[in-house]
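# Structure assessment
The lines below spell out each chain.
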Amino acid sequence: MKLCAQDNLMSDAYYEQMQYVGDLRPHLMGWTALTGDLTYFRSAMEQFNNSRLPDGNITSCYPLKAKIVHPTYSLIWIDMLHDLMMLEGDKVLLESYLGEMQEVFDYYESLINENGLVGKSEYWMFIDWYVPKGGNSEVNKNGNSAILTLNYAYTLNKAAEILDWLGYREKAANYRNQSRKYSEITRKLCFDTDRGIYADDPARTFYDQRASILAVLCGAHSEEESRELMKKVLDDKTHFDSEANLFYLFYLFEAMEKTGVGDFTKELQPWKDIVDMGMSGTPEKRIEQDPRSEIHPWTSFPVHFYFSLVAGIRTTSPGFKTVCIAPQPGNLETINANYPTKHGIISVNLQFDKNKKVSGNITLPKEICGEFEWQGQRLLLPSGKTLIKF
């Protein structure tokens, strides 16, 4: 991450050395988890907004003389606004971008097919690196895709939370209703009730793991249904025609965080393979695929999820004013984490035994309060040091 943190956050140290918004989100979340520094975050939001085209899209790589556009990256720019809201909570900054958010959504509305799914764009709708190559499958390269539609629904939900916080309740409700509509349409057309997973196309010819991951994140199912879907996603026996590459595991970890399903240490196996290969940085793609770039920070995000998923440190209100600490240790016996926020360090020191008992302490800065969750039990956390024993 540090090698690629120069005037801007670069996508990689050798191959392209450019600032891509799709690469930035996982890079920034890892960078922020280690440093607490939001300077690159704010700079990136402004720079990419300056790249905006008349149709509402941002360019995917900026500053750059050439024009590279992935509408999926325009959605990620909005996702990053939500991340920045939760980390920093600057209402003036967010308010200044509301019109641009709507421009992105207006563009996506122009792509909707008669069946309600996101259709074909004149631009490259990059999703993830597929095997053997390419940023799309043969099924979704021309739209009519569950993944592209659920990706839109995912960002509409993020935007709704921003609008709610800024006081635009009616607009927020509209975004939320749109998200629900597209999630329901996608579930009706692409969810295979017999197999319990999603296909990426209404004809159900191609079962892509990414669609099921996004369905969990979009709230297309009830909480219990989402947990069952996640179990399917993580089950090695579930057959998918395509599985998430390293970049899209960011969303897998986010879905694990949301549902409480899965073992982070087990899902880290691709990164363990990276270490076993003797690599000192994180690559662009899975190592069995010829990763092309071997210093690619968009796959350094396990650092972020160690804090948010394993240690369970998650802000529950804009500006990190409140926090929920709900650890998911898996088979770890100890968690020691010091997470930097705008208010100071959150310190979590916990031990876990074989009987699922937990003990230790949590220290919050004076401007933060929250709660601790473990095995269905809750404990209020005031600022300062709190002893934990369940």
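Since the model is a prediction, treat every value here as computed from it, not as a measurement.

The next thing to look at is the overall build of the protein. Summing up its helical and strand segments, the protein has 13 helices and ten strands in all. Taken over C-alpha atoms, the radius of gyration comes to 20 Å for the protein, in line with the 21 Å a tight globule of 390 residues would show. Dimensions of the protein, computed from C-alpha atoms along their principal axes, come out at roughly 55 × 50 × 45 Å. Across the 390 residues of the protein, 58% fall into the buried class. Within the protein, contacts between residues at least 6 apart in sequence are counted, and of these 58% link residues at least 24 apart. Across the protein, the mean location of the 41 positive side-chain charges is 4 Å away from that of the 52 negative side-chain charges.

Another point: the sheet that holds strand β3 (residues 313-315). Sheet architecture is open: four strands sit in the order β3-β4-β8-β9, paired in mixed fashion. The two strands at the open ends of the sheet, each matched to only one other strand, are β3 and β9 (377-381). Between one strand and the next, the sheet's axes are offset by a mean angle of 20°, whatever the strand orientation. Examined bridge by bridge, strand β4 (residues 322-325) and strand β8 (residues 369-374) share four bridges and lie parallel to one another. Directly across from Ile325, in β8, lies its bridge partner Phe372.

Turning next to the side chain of Gln47. Along the chain, the position of Gln47 falls in helix α2 (residues 39-50). A distance of 2.8 Å separates the side chain of Gln47 from the side chain of Ser43, its partner in a polar contact.

Before going further, it helps to spend a moment on the packing of aromatic side chains. Summed over the entire model, instances satisfying the criterion amount to 33 aromatic pairs. Between Phe250 and Phe305, the aromatic rings sit 5.2 Å apart at their centres with planes inclined by 70°, giving edge-to-face as the arrangement. In this pair, Phe250 is assigned in helix α10 (residues 249-259) and Phe305 in helix α13 (residues 302-310), connecting sequence segments 55 residues apart. The exposure class of Phe305 is buried, given its relative accessible area of 1%. Here the guanidinium or amino end of Arg52 rests over the ring plane of Trp77, the centre of that ring lying 4.6 Å away.

Once that is clear, we can look at the packing of helix α1 (residues 21-35) against α10. Closest axis-to-axis distance for the α1/α10 pair is 11 Å, and the angle between their directions is 55°. Considering their axes alone, α1 and α10 lie oblique with respect to each other. Facing Arg25, Pro26 and Met29 of α1, the residues of α10 in contact are Phe250, Tyr251 and Glu254. Partitioning the contact of α1 with α10 into residue classes produces four nonpolar, no polar and two charged.

Attention shifts here to the sheet that holds strand β6 (residues 344-352). Taken together, the four strands give an open sheet; going across it, the order is β5-β6-β7-β10, and neighbouring strands pair in antiparallel fashion. Because the sheet does not close on itself, it has two edges, and the strands there are β5 (334-341) and β10 (384-389). Each strand of the sheet is rotated relative to its neighbour by a mean of 10°, with strand direction disregarded. Bridge count for β5 against β6 is eight bridges, and the pairing is antiparallel. Bridge pairing in β6 places Thr334 opposite Gln351.

On to the pairing of β4. Two elements, β3 and β4, share three bridges in a ladder whose sense is antiparallel. When the sheet's bridge partners are listed, Ile313 is paired in β4 with Ile325. Hairpin geometry of β3 and β4 is characterised by an intervening segment of six residues between the two adjacent antiparallel strands and by a positive phi of about 75° at Gly319.

About the cut-offs
Residues numbered from 1 in each chain as written. Predicted model: local features only at pLDDT ≥ 70, side-chain atom pairs only at ≥ 80, totals over all residues. Heavy atoms only, no water. Helix = DSSP H or I, 4+ residues; strand = E, 2+ residues; numbered from the N terminus. Rg over C-alpha atoms; globule rule 2.2 N^0.38 Å. Buried < 20%, exposed > 50% of the residue type's maximum accessible area, 1.4 Å probe, protein only. Contact = heavy atoms within 4.5 Å. Lys, Arg positive; Asp, Glu negative; His and termini not counted. Charge placed at Lys NZ, Arg CZ, Asp CG, Glu CD. Pairing = 2+ DSSP bridges. Axes fitted to C-alpha atoms, helices over the stretch in contact; angles between N-to-C directions. Polar contact = N/O pair within 3.5 Å; in protein donor to acceptor, adjacent residues only side chain to side chain. Phe/Tyr/Trp six-rings, centres within 6.5 Å; stacked < 30°, edge-to-face > 60°. Lys NZ or Arg CZ within 6 Å of the ring centre and 35° of its normal. Parallel < 35°, antiparallel > 145°, perpendicular 65-115°, else oblique. Nonpolar A, V, L, I, M, F, W, Y, C, P; charged D, E, K, R; others polar.

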